[in-house]
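Report on the structure
Spelled out, the chains give:
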Amino acid sequence: MSVLNSITVDVVSDVVCPWCFIGQKRLDKAIAAVGGEVHVRWRPFQLDPTIPPQGKDRREYMLAKFGSDERIREIHARIEPLGEAEGISFAFGAIKVAANTLDAHRLIRWAGAVGEDVQNRLVRRLFQLNFEEGANIGDHAVLAEAAREAGMDASVVATLLPTDADVEAVRTEIATASRMGISGVPCFLLEGKYAVMGAQDVDTLADAIGQVAAAKARGELERAG
């Protein structure tokens, strides 16, 4: 299968969502299977915007949310093999801080202004830092270093993060996603019009991309705002 027309996939996600990390890996495989020109843009969502800027102790946060260590272990045990199948080494025990991701989303937004490849590299690195290395992705120093690794100017990022730059823009994007009916992530928006919800398997994503690309090639799509 080959995509004849370029299409855009907007991924609404949160970098502390393990299903979004799995979804990112599966999207990569789906794009490789389909071929052609597929542009990926990352859009913000916060699983829990009430977490304070400094974050919370993750174990205490998870216990308050799920009730017991046993329940938490069950949840992790369900996700880990799915991650392993996609090349992800989830290290849930290494994550000490449940981070507020607003600043991470600001950084992702800035990366998008630099370039699509830069944004994609950054998102991948943030997923790795949080889930495989246990880093606190609410920490400005961690974010600045991730920006540098992705090809951004870390000194500019370090200067911007303590300010309110783009805070409202990110919150507005999150509110827009909510108004569109997006209540869970990942959500893949194809050509701004067709939504694929959840970390679907590679074949499902590839089929959706192929169908939308074919419809676009036939002139059947009206680009949504």
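To be clear, the structure that these remarks concern was listed above.
Fair warning: this is a prediction, and the values are worked out from it, not measured in the lab.

1. Things to note about the overall build of the protein chain
For the protein chain, the count of helices and strands is 9 helices and 6 strands. Over its C-alpha trace the protein chain gives a radius of gyration of 18 Å, about what one expects of a compact globule, namely 17 Å for 225 residues. Seen through its C-alpha atoms, the protein chain measures out along the principal axes to roughly 55 × 40 × 30 Å. Among the 225 residues that make up the protein chain, the fraction classed as buried is 47%. Considering only contacts in the protein chain between residues 6 or more positions apart, those separated by 24 or more positions represent 76%. Total accessible area computed for the protein chain in this model is approximately 10700 Å², and 50% of it derives from carbon and sulfur atoms. In the protein chain, 25 positive and 32 negative side-chain charges are present, and the distance between their average locations comes to 2 Å.

2. Points about the environment of F66
Positionally, F66 belongs in helix 2 (residues 58–66). Classification of F66 as partly exposed rests on a relative accessible area of 30%. Between the alpha carbons of F66 and R121 there is a distance of 32 Å; along the sequence they are 55 residues apart. With near-sequence residues (within four places) excluded, F66 lies in contact with R71, I72 and I75.

3. Some details on the environment of D117
Inspection of the secondary structure assignment puts D117 in helix 5 (residues 116–131). A relative accessible area of 55% places D117 in the exposed class. When the C-alpha positions of D117 and H39 are compared, they lie 9.5 Å apart, and in sequence the two are 78 residues distant.

4. Focus: the pattern of salt bridges
The tally for this structure, following the rule as stated, stands at 17 salt bridges. Among the salt bridges present, the one from R109 reaches E173, with a minimum N-O distance of 3.0 Å. Here E173 lies in helix 8 (residues 167–179) and R109 lies in helix 4 (residues 102–114), a separation of 64 residues in the sequence. What emerges from the salt-bridge pattern is a single network uniting D10, R41, R43, R109, D166 and E173.

5. Some points on the environment of G35
Tracing the chain through its elements places G35 in the loop between helix 1 (18–34) and strand 2 (38–44). According to the relative accessible area criterion, G35 is partly exposed, its value standing at 23%.

6. Comments concerning the packing of aromatic side chains
This structure, assessed with the given rule, holds 7 aromatic pairs. Look at F21 and F90: their rings are 6.0 Å apart centre to centre, the planes differ by 90°, and that puts the pair in the edge-to-face class. You can see F21 sitting in helix 1 and its partner F90 sitting in the loop between helix 3 (69–85) and strand 4 (97–98), a full 69 residues away along the chain. By the burial criterion, F21 is buried, and F90 matches it. Ring geometry for F21 and F127: centres 5.0 Å apart, planes at 10°, overall stacked.

7. What to know about helix 4
In this model, helix 4 (13 residues) spans 19 Å end to end at C-alpha, consistent with the 18 Å of a helix rising 1.5 Å per residue. Looking only at helix 4, the buried set comprises L102, D103, A104, H105, R106, L107, I108, W110 and A111. Those residues of helix 4 that are buried are in contact with strand 1 (7–13), strand 2, helix 5, helix 6 (140–150), helix 7 (154–160) and helix 8.

8. Re unusual backbone geometry
Following V185, the chain continues into P186 via a peptide bond in cis, with omega recorded as 5°. Mapped onto the fold, P186 is located in the loop between helix 8 and strand 5 (187–190). The backbone phi angle of D166 is positive, close to 65°, even though this residue is not glycine. Looking at D166, the relative accessible area reads 30%, which means it is partly exposed. A positive phi is found at E191, a non-glycine position, where the angle reads about 55°. Along the chain, the position of E191 falls in the loop between strand 5 and strand 6 (194–197).

9. Details of the packing of helix 1 against helix 5
Look at helix 1 against helix 5: their axes get within 10 Å of each other, and the N-to-C directions meet at 140°. The angle between helix 1 and helix 5 falls in the class oblique. Once helix 1 is placed against helix 5, the crossing between them reads as left-handed. Between helix 1 and helix 5, the residues in contact are P18, C20, F21, Q24 and D28 and R124, F127, Q128 and F131, respectively.

About the thresholds
Residues numbered from 1 in each chain as written. Predicted model: local features only at pLDDT ≥ 70, side-chain atom pairs only at ≥ 80, totals over all residues. Heavy atoms only, no water. Helix = DSSP H or I, 4+ residues; strand = E, 2+ residues; numbered from the N terminus. Rg over C-alpha atoms; globule rule 2.2 N^0.38 Å. Buried < 20%, exposed > 50% of the residue type's maximum accessible area, 1.4 Å probe, protein only. Contact = heavy atoms within 4.5 Å. Areas by Shrake-Rupley, 256 points an atom, 1.4 Å probe, with all protein chains shown as cover. Lys, Arg positive; Asp, Glu negative; His and termini not counted. Charge placed at Lys NZ, Arg CZ, Asp CG, Glu CD. Salt bridge = Lys/Arg side-chain N within 4 Å of Asp/Glu carboxyl O. Phe/Tyr/Trp six-rings, centres within 6.5 Å; stacked < 30°, edge-to-face > 60°. Expected span 1.5 Å × (residues − 1). Axes fitted to C-alpha atoms, helices over the stretch in contact; angles between N-to-C directions. Parallel < 35°, antiparallel > 145°, perpendicular 65-115°, else oblique. Left-handed = near helix turned anticlockwise from the far one by under 90°.

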